[in-house]
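Tertiary structure, described
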Amino acid sequence: MRPRAWCGVLAAVALSATACGVGGEAKKADDAGAGAAAGAKAGFPVSVSDCMGAKTTFDAAPRRIVTSNAAGLELLMWLGAGDKVVGTGFPPGKGALPGEYAEAGARVPVLGKTVIPKEKLLGSGAQVYVDSFSSMKNMGKMGDAPTAGEFEAAGIKHVFLKSTACAAMSKSARTDLSGVEADIEELGKVTGTSRRATELVEGMRKKTGEVREALKDVPEDKRPTYFLFDFDAGTKQPMAVCNRQVANAVITQAGARNVFADCDGDFKPVGWEDVVDKNPQWIQLAVRNRGSQEANDKAFDEAAAFLKSFPATAGLDAVKEGRFLRIGSERTTIGGVRSADTVREIAHTLHPDRVK
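Residues numbered from 1 in each chain as written. Predicted model: local features only at pLDDT ≥ 70, side-chain atom pairs only at ≥ 80, totals over all residues. Heavy atoms only, no water.

**What about the pattern of salt bridges?**
Let me state the cut-off plainly: The term salt bridge refers to a side-chain nitrogen of Lys or Arg lying within 4 Å of a carboxyl oxygen of Asp or Glu. Numbering of helices and strands runs from the N terminus, with a helix taken as a DSSP run of H or I at least four residues long and a strand as a DSSP run of E at least two residues long. Think of it in three bands: residues with accessible area under 20% of the maximum for their type are buried, residues over 50% are exposed, and the middle band is partly exposed, with areas taken using a 1.4 Å probe on protein chains only.
One pass over the structure, following the stated rule, counts 20 salt bridges. Note that Lys118 is salt-bridged to Glu150, the shortest N-O span being 3.0 Å. Linking Lys118 in helix H5 (residues 118-122) with Glu150 in helix H6 (residues 148-153), this pair joins segments that are 32 residues apart in sequence. A salt bridge links Glu210 to Arg344, with the shortest nitrogen-to-oxygen separation between them at 4.0 Å. Of this pair, Glu210 sits in helix H9 (residues 194-214) while Arg344 sits in helix H16 (residues 339-350), placing them 134 residues apart in sequence. Residue Glu210 is classed as partly exposed on the basis of its relative accessible area of 39%. Owing to a relative accessible area of 29%, Arg344 belongs among the partly exposed residues under this scheme. Residues participating in the shared-partner salt-bridge network are Lys206, Lys207, Glu210, Asp341 and Arg344.

Here it is as structure tokens:
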């Protein structure tokens, strides 16, 4: 299917460009002055960095934002800046967003069913592009990422959710949600919603702190082993989540041991013989959102059926005893406010007597 046309935004951009003559220039100057004053009052200017440490500075909160995927869109909604989003790629399927944001999320123009085409992104009229990926080419090599020069020429500032986008470049294992929390605080600064960001982070820390307290007496070597089965990455060769990936932090904080935590990086193709050798005690059936609960349930069933019928995995203890968790891939491998809820959900399943 082709993405919905983005006529409204383009029309708005066209209308804003019609101001001319002395009056138009005077209005532009007045707007600039008002923007600078509002920026100073809200704590601007602020600077954020990319994966390599390069700085981007904002003098005021952006009014038009495009997000690379539903994770960035959801985060902006949590922050109270969802009304500034004028387009997204990888749009949220039905049931993907929290109920209170579902209606607003469905109204956001879809610029790409997957990766936003380069020309659409550059012509979007956005002031900021919030990127969950280090490069558009990371997502199945679909589309071409604009260069830094092209972003600048289009007037678009490029910012990253570094907990995901920079995972492969991390120098150490991710075992907590501090990287996700930093993303929330940084995006709060950019959008002028720092107070809300602080509230969200405090709420996340309360949830994960309760889990940590409940499991403090469980020795590391007694914590169950855990394999995240990325069903949609393909069944011919499993894709392991390594110790730099957000999922490793979620699994670790939930009181489990990622069976591929000895793998440096974010993702790595492995062999089924590696999974069998690890013999995980629990397996997460991580499927990507299909757009409805019915379709998601069917995908979870298919993932379980594969493991039960595939000769290499049929004999695993977790498979024979049905120790499966049905938790969506995005909720585990892409950071967000609900990462703390995923920690608690996994912890409750694995440690029901300790985590209610």
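**Let's talk about the confidence of the model for the chain**
As a reminder of what qualifies: Each residue gets a pLDDT score, which is the predictor's confidence in that residue and runs from 0 to 100. Any pair of residues with heavy atoms lying within 4.5 Å of one another is described as a contacting pair.
The pLDDT averaged across the chain works out to 88; a share of 85% of its residues lies at or above 70. Low confidence marks residues 1-40, where pLDDT is under 50. Its contacts with residues over four positions away, or in another chain, come to 30 contacts.

**Side note on the packing of helix H3 (residues 70-79) against helix H8 (residues 178-191)**
Condition: Each axis is a line fitted through C-alpha atoms, taken for helices only over the stretch in contact, and angles between the N-to-C directions span 0 to 180 degrees. The labels follow the angle: roughly parallel below 35 degrees, roughly antiparallel above 145, roughly perpendicular from 65 to 115, and oblique for the rest. By definition, any crossing whose near helix is turned counterclockwise from its far helix by less than a right angle is left-handed, and any crossing with a clockwise turn is right-handed. When residues are grouped by polarity, Ala, Val, Leu, Ile, Met, Phe, Trp, Tyr, Cys and Pro land in nonpolar, Asp, Glu, Lys and Arg in charged, and all others, Gly among them, in polar.
Axis separation between H3 and H8 bottoms out at 10 Å; the angle between their running directions is 65 degrees. The pairing of H3 with H8 is recorded here as roughly perpendicular in orientation. As for the relative orientation of H3 and H8, their crossing is right-handed in sense. Every residue of H8 that contacts H3 at Leu75, Leu76 and Leu79 is listed here: Ile184, Leu187, Gly188 and Thr191. Across the contact of H3 with H8, the residue classes break down as five nonpolar, two polar and no charged.

**Looking at H3**
Most of H3 is tucked away, with ten of its ten residues classed as buried. All buried positions along H3 are accounted for by Ala70, Ala71, Gly72, Leu73, Glu74, Leu75, Leu76, Met77, Trp78 and Leu79. Packed against the buried residues of H3 are strand S3 (65-67), strand S4 (85-89), helix H4 (99-107), strand S6 (128-131), H8 and H9. Note on H3: the residue one or two positions beyond its end, Gly80, has a positive phi of about 85 degrees.

**Overview of the nonpolar core**
So the rule is basically this: We define a nonpolar core as any set of buried Ala, Val, Leu, Ile, Met, Phe, Trp, Tyr and Cys residues linked to one another through side-chain atoms lying within 4.5 Å.
Within the largest apolar cluster, 49 residues are counted, with the highest numbers of intra-cluster contacts made by Phe58, Val130, Leu177, Ile184, Tyr226 and Ile346. With near-sequence residues (within four places) excluded, Leu177 lies in contact with Met204, Thr208, Ala249, Val250, Gln253, Ser339, Ala340 and Val343. Counting 22 residues, the second largest nonpolar core, distinct from the first, contains Phe229, Val275, Phe306 and Leu307.

**Here's the deal with the pairing of S6**
Applicable threshold: Two strands qualify as a pair provided DSSP detects at least 2 bridges between them.
Burial of the side chains of S6 extends over both faces: Val128 and Val130 are buried on one face and Tyr129 and Asp131 on the other. Where S3 and S6 come together, three bridges link them in parallel fashion. Considered in S6, the bridge of Thr67 is made with Val130. Of the strand pairs in this sheet, S6 and strand S7 (residues 157-160) are connected by four bridges, and their pairing is parallel. In the strand pairing of S7, Tyr129 is matched with His158.

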